[in-house]
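Okay, here's what each chain looks like letter by letter:
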Amino acid sequence: MAGKASEALWYPFDANWYRAEYGAIMDALLSFSDQELEHWYKTEGAPSGHSPNRYFNEEWYRVNCSEAAEAITNGTCLSGFEHYCNGGYKSFSPHYLFSERYYRQRYPDISEQNLQSGGFVNGYDHFLRSGDKEKRSGHLFFDPNTYLQNRPSDPNLSSLTPFMNLLHSEHSLPNSITLSDHFNPAWYHALSPDAVMAVEYGFAPNVLYQFLSTFTPDRF
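Residues numbered from 1 in each chain as written. Predicted model: local features only at pLDDT ≥ 70, side-chain atom pairs only at ≥ 80, totals over all residues. Heavy atoms only, no water.

### Considering the domain arrangement of the chain
Right, on to step 1. Partitioning the chain into structural domains gives domain 1 (1-140) and domain 2 (141-219).
Right, on to step 2. A C-alpha centroid distance of 20 Å is found between domain 1 and domain 2.
Right, on to step 3. Facing the 20 residues of domain 1 at the interface are 23 residues of domain 2.
Right, on to step 4. Roughly 1900 Å² is buried in total at the junction of domain 1 and domain 2, and carbon and sulfur atoms are behind 64% of that figure.
Right, on to step 5. Between the two partners, domain 1 and domain 2, sit 11 residue pairs in polar contact (both at pLDDT 80 or more).
Right, on to step 6. Elements with a contribution of two residues or more to the side of domain 1 that touches domain 2: α3 (58-64) and α8 (123-131).
Right, on to step 7. In terms of residue count, the dominant contributor to the side of domain 1 that touches domain 2 is α8 (three residues).
Right, on to step 8. In terms of residue class, the side of domain 1 that touches domain 2 is built from nine nonpolar, four polar and seven charged. (Domains from an automatic or database assignment. Contact = heavy atoms within 4.5 Å. Buried area = accessible area lost by both parts, 1.4 Å probe. Polar contact = N/O pair within 3.5 Å; in protein donor to acceptor, adjacent residues only side chain to side chain. Helix = DSSP H or I, 4+ residues; strand = E, 2+ residues; numbered from the N terminus. Nonpolar A, V, L, I, M, F, W, Y, C, P; charged D, E, K, R; others polar.)

Here it is in structure tokens:
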């Protein structure tokens, strides 16, 4: 049977990742023990919009899940991650390159019954534990084979599965390589200087993220 949210791979707080991600903007975090850091995240970081690990993008979730944004506004949830863990994981997308709906629709074997019998909490849990190893795609704009062909050589990451490799790479990587046939970063750089400026000023981690955040089909 499928377990509860706390048993999913995307659930645990990652102290080492958190230090690397946010330590540059708050030096005090570097001196905290793992336990102190997790407590600080739960009381201060999460409400401020921090992500708990590399698997969940708090900013993306807040912007794209109006239900979570409303819950945060009315005080019933402290963060998007709390909303996701409390049931949002059943249908909402936790990362800009993973869609729960897309994953289940693309692969008919990822049924609720099969997820439960395999002990997976949701499609994302299955993708992280199994699907990524099988080179399945969790999003229209991330093709594992295209990514493996274009990623830079890094011996420290070469053993990782495609999506895991991306998650362990620099946030800016999609600025310079193609992740799928559906998005060319060089084309988008030339088409949308405003998006490039948004990335340069730190409003988005890369141009693909910016594109997916603001995509309007009638512009193209």
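### Concerning the side chain of H95
Right, on to step 1. Tracing the chain through its elements places H95 in the loop between α5 (80-85) and α6 (100-106).
Right, on to step 2. Judged by relative accessible area, which is 6%, H95 ranks as buried.
Right, on to step 3. Among the polar contacts made by the side chain of H95, one reaches the main-chain amide nitrogen of L97 at a distance of 3.0 Å. (Buried < 20%, exposed > 50% of the residue type's maximum accessible area, 1.4 Å probe, protein only.)

### Thoughts on a nonpolar patch on the surface
Right, on to step 1. Taken together, the side chains of M197, Y201 and F203 make up a nonpolar region of the molecular surface, amounting to roughly 400 Å² of accessible area.
Right, on to step 2. Note on placement: F203 falls in the loop between α12 (193-200) and α13 (207-214).
Right, on to step 3. Take F203: its relative accessible area is 60%, and that puts it in the exposed class. (Patch = residues over 30% accessible without salt bridge, like charges linked within 9 Å, V, L, I, M, F, W, Y side chains within 5 Å. Areas by Shrake-Rupley, 256 points an atom, 1.4 Å probe, with all protein chains shown as cover. Salt bridge = Lys/Arg side-chain N within 4 Å of Asp/Glu carboxyl O.)

### With respect to the packing of helix α1 (residues 15-22) against helix α2 (residues 34-48)
Right, on to step 1. The contact between α1 and α2 brings their axes to 10 Å, and the two run at 60°. One way to sum up the angle between α1 and α2 is to call them oblique. α2 is crossed by α1, and the crossing has left-handed handedness. Counting all contacts with α1, which are made through A15, Y18 and R19, the residues of α2 involved are D34, L37, W40, Y41 and G45.
Right, on to step 2. Considering only residue class, the contact of α1 with α2 consists of five nonpolar, one polar and two charged. (Axes fitted to C-alpha atoms, helices over the stretch in contact; angles between N-to-C directions. Parallel < 35°, antiparallel > 145°, perpendicular 65-115°, else oblique. Left-handed = near helix turned anticlockwise from the far one by under 90°.)

### Considering the nonpolar core
Right, on to step 1. Membership of the largest hydrophobic core comes to 56 residues, with the highest contact counts inside it found for W10, Y18, L97, Y124, F163 and L208.
Right, on to step 2. Secondary structure elements with two or more residues in this core: α1, α2, α3, α5, α8, α10 (162-167), α12 and α13.
Right, on to step 3. Those residues within four positions of L208 in sequence are excluded, and the remaining contacts are Y96, L97, F141, P174, L179 and F183. (Core = buried A, V, L, I, M, F, W, Y, C linked by side-chain atoms within 4.5 Å.)

### With respect to the pattern of salt bridges
Pairing of side chains with opposite charge becomes possible as their charged atoms draw close.
Right, on to step 1. Applying the stated rule across the entire model yields nine salt bridges.
Right, on to step 2. In this structure, the salt-bridge partner of R129 is D125, at a minimum N-O distance of 2.7 Å. Of this pair, R129 and D125 are both found in helix α8, four residues apart, which corresponds to roughly one turn of the helix.
Right, on to step 3. Within the structure, one salt-bridge network assembled from shared partners comprises E100, R104 and E112.

### Details of unusual backbone geometry
Right, on to step 1. The residue K135 is not glycine, and still its phi comes out positive at about 60°.
Right, on to step 2. On the basis of relative accessible area, K135 is assigned to the partly exposed category, the value being 43%.

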